[in-house]
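Below are the chains, spelled out letter by letter.
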Amino acid sequence: MDVLNQTRVTQFVFLGLTDNWVQEILFFMAFSAMYVLTLWGNILIMVTIVFTPCLSTPMYFFLSNLSFIDICHSSVTVPKMLEGLLFDRKTISCIAQLFFLHLFACAEILLLTIMAYDRYVAICAPLHYPNVNMRVCVQLVFVLWLVGTVHSLVQTFLTIRLPYCGPNVIDSYFCNVPPVIKLACTDTCLTGIPIVSNRGTISLSCFLALVASYTIILFSLRKQSAEGRRKALSTCLAHFMVVSLFFGPFSTDKLVSVFYTVVTPLLNPFIDTLRNEEIKSAMNMYSFMPDFFCSACCF
């Protein structure tokens, strides 16, 4: 990265969410509680699915993987943010965070697409669904991690190869490609094109696949009974809410970023899993579900 004999920047400084110490303490307490609940809720789901034989179906296999990704996605940014709020340590070497942030984000978007196809098969071809080979599900998950790794390597390599020799202050609380490349001391237009193309291709492809799946599902519901439509809509609504959170209007605003990195991983267990009667029954059977989650599932 050292060009024109200029000083190479290896550490970046975050501005964080606020410079008011009272707000920092309040944010620290709130986000710490949300992070602990995110870990607890998603681990609870994973343990329940793994140890409950009746939940050994593709849908629950993918839900357990979603919980794992949510834990990882949140853990990439939240601990560093909490450290900055409490100890005012807001410096970081961005390479690792950039890589894992894009890895887990890409893995989640691909998994949501696979889950939409899973719902399509379950609703539109119910007689074939019990015969779905779990080996195929494992292979799909392996592919999504492979694609996510390649995507993340591309994003990270194109970002870190730029020369950084001037300002090193990021107006955020974590490393992401757009605010980082703004600090490069060179024209980033040519680098920005493959970065945006790489991200856009994956996002657009997954979005179109999701729209196609749900369109076919909605048309197929016309041929089913009222009870069948109710069950199908109940299952799809939870997944659609999670998808809407992920594909909602994107902004580089820090408060919006907090929603995606802190709030969404916490909401996913409630929306997509803990409102599921089979999951709740399994948790109650093993005494896994604390009173807090029982109450939250009923809201």
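Residues numbered from 1 in each chain as written. Predicted model: local features only at pLDDT ≥ 70, side-chain atom pairs only at ≥ 80, totals over all residues. Heavy atoms only, no water.

### Observations regarding the overall build of the protein chain
Thought 1: Summing up its helical and strand segments, the protein chain has ten helices and three strands in all.
Thought 2: When the helices and strands of the protein chain are listed from N to C terminus, the series reads β-α-α-β-α-α-β-α-α-α-α-α-α.
Thought 3: Expressed as a percentage of its 299 residues, the buried residues of the protein chain come to 47%.
Thought 4: Once local pairs closer than 6 in sequence are excluded, the contacts in the protein chain between residues at least 24 apart make up 78%. (Helix = DSSP H or I, 4+ residues; strand = E, 2+ residues; numbered from the N terminus. Buried < 20%, exposed > 50% of the residue type's maximum accessible area, 1.4 Å probe, protein only. Contact = heavy atoms within 4.5 Å.)

### So, the packing of helix 2 (residues 58–87) against helix 4 (residues 134–160)
Thought 1: Axis separation between helix 2 and helix 4 bottoms out at 10 Å; the angle between their running directions is 25 degrees. The angle between the axes of helix 2 and helix 4 places the two elements in the roughly parallel class. Judged by the sense of rotation from one axis to the other, the crossing of helix 2 with helix 4 is right-handed. Here helix 2 contributes P58, F61, F62, N65, F68 and I69 to the contact with helix 4, which in turn contributes M134, C137, V138, L140, V141 and W145.
Thought 2: Of the residues assigned to the contact of helix 2 with helix 4, the class counts are eleven nonpolar, one polar and no charged. (Axes fitted to C-alpha atoms, helices over the stretch in contact; angles between N-to-C directions. Parallel < 35°, antiparallel > 145°, perpendicular 65-115°, else oblique. Left-handed = near helix turned anticlockwise from the far one by under 90°. Nonpolar A, V, L, I, M, F, W, Y, C, P; charged D, E, K, R; others polar.)

### Re the state of the cysteines
Thought 1: All told, the structure shown has two disulfides when counted by the stated rule.
Thought 2: Covalent S-S linkage joins C94 and C175, the inter-sulfur distance amounting to 1.7 Å. Torsion about the S-S bond of the C94 and C175 cystine: about -55 degrees, corresponding to left-handed handedness. Of the two residues, C94 sits in helix 3 (residues 94–124) while C175 sits in the loop between strand 3 (169–170) and helix 5 (177–181), which places them 81 residues apart along the sequence. Comparing C94 with C175 shows no difference in burial state: the two are buried.
Thought 3: Between the sulfur atoms of C165 and its disulfide mate C185 the distance is 1.9 Å. With the S-S bond torsion at 130 degrees, the cross-link from C165 to C185 turns out right-handed. Highlighted residues: C165 in the loop between helix 4 and strand 3 and C185 in the loop between helix 5 and helix 6 (189–220), separated in sequence by 20 residues.
Thought 4: Listing the disulfide partners of the protein chain by sequence rank of the bonded cysteines yields 1-3, 2-4.
Thought 5: Take C206: it sits in no disulfide, and the sulfur closest to it among the cysteines is that of C106, at 7.0 Å. (Disulfide = S-S within 2.5 Å.)

### Some remarks on the confidence of the model for the protein chain
Thought 1: Considering every residue of the protein chain, the mean pLDDT works out to 78; 78% of them sit at 70 or more.
Thought 2: Of all the helices and strands in the protein chain, helix 10 (residues 291–297) carries the lowest mean pLDDT, 46, while helix 4 carries the highest, 91.
Thought 3: Here residues 1–5 scores under 50 on pLDDT; set against residues more than four positions off or in separate chains, the count is seven contacts.
Thought 4: Per-residue pLDDT stays below 50 along residues 288–299; that stretch engages in 29 contacts with residues further than four places along the chain or on separate chains. (pLDDT = per-residue confidence, 0-100.)

### Topic: empty space enclosed by the protein
Thought 1: Applying the stated criterion to the full structure yields two cavities of 30 Å³ or more.
Thought 2: Taken together, ten residues form the lining of the largest cavity, with G16, M81, G84, K90 and Y173 sitting closest to its centre.
Thought 3: Considering each element in turn, the lining of the largest cavity owes the most residues, four residues, to helix 2.
Thought 4: For the lining of the largest cavity, the per-class residue count stands at five nonpolar, two polar and three charged. (1 Å grid on protein atoms, 1.4 Å probe; cavity = no way out; pocket = protein on both sides within 12 Å on 5 of 7 lines; lining within 4 Å. Points joined across faces, edges and corners; volume = space filled by probe spheres on them.)

### Looking at the packing of aromatic side chains
In this description, an aromatic ring pair is defined by two values, namely the gap between the centres and the angle between the planes.
Thought 1: Enumeration over the complete set of coordinates arrives at seven aromatic pairs.
Thought 2: Taken together, a centroid distance of 6.0 Å and an interplanar angle of 20 degrees make the contact between F100 and F104 stacked. With F100 and F104 both in helix 3 and four residues apart, the pair spans about one turn of that helix.
Thought 3: Of the residues examined, F100 reaches a relative accessible area of 38% and is grouped as partly exposed.
Thought 4: Consider the rings of F104 and W145, whose centres lie 6.0 Å apart with planes at 90 degrees: the pair is edge-to-face. Taken as a pair, F104 in helix 3 and W145 in helix 4 lie far apart in primary sequence, 41 residues in all.
Thought 5: Through pairs of rings, three or more aromatic residues link up here, namely F68, F99, F100, F104 and W145. (Phe/Tyr/Trp six-rings, centres within 6.5 Å; stacked < 30°, edge-to-face > 60°.)

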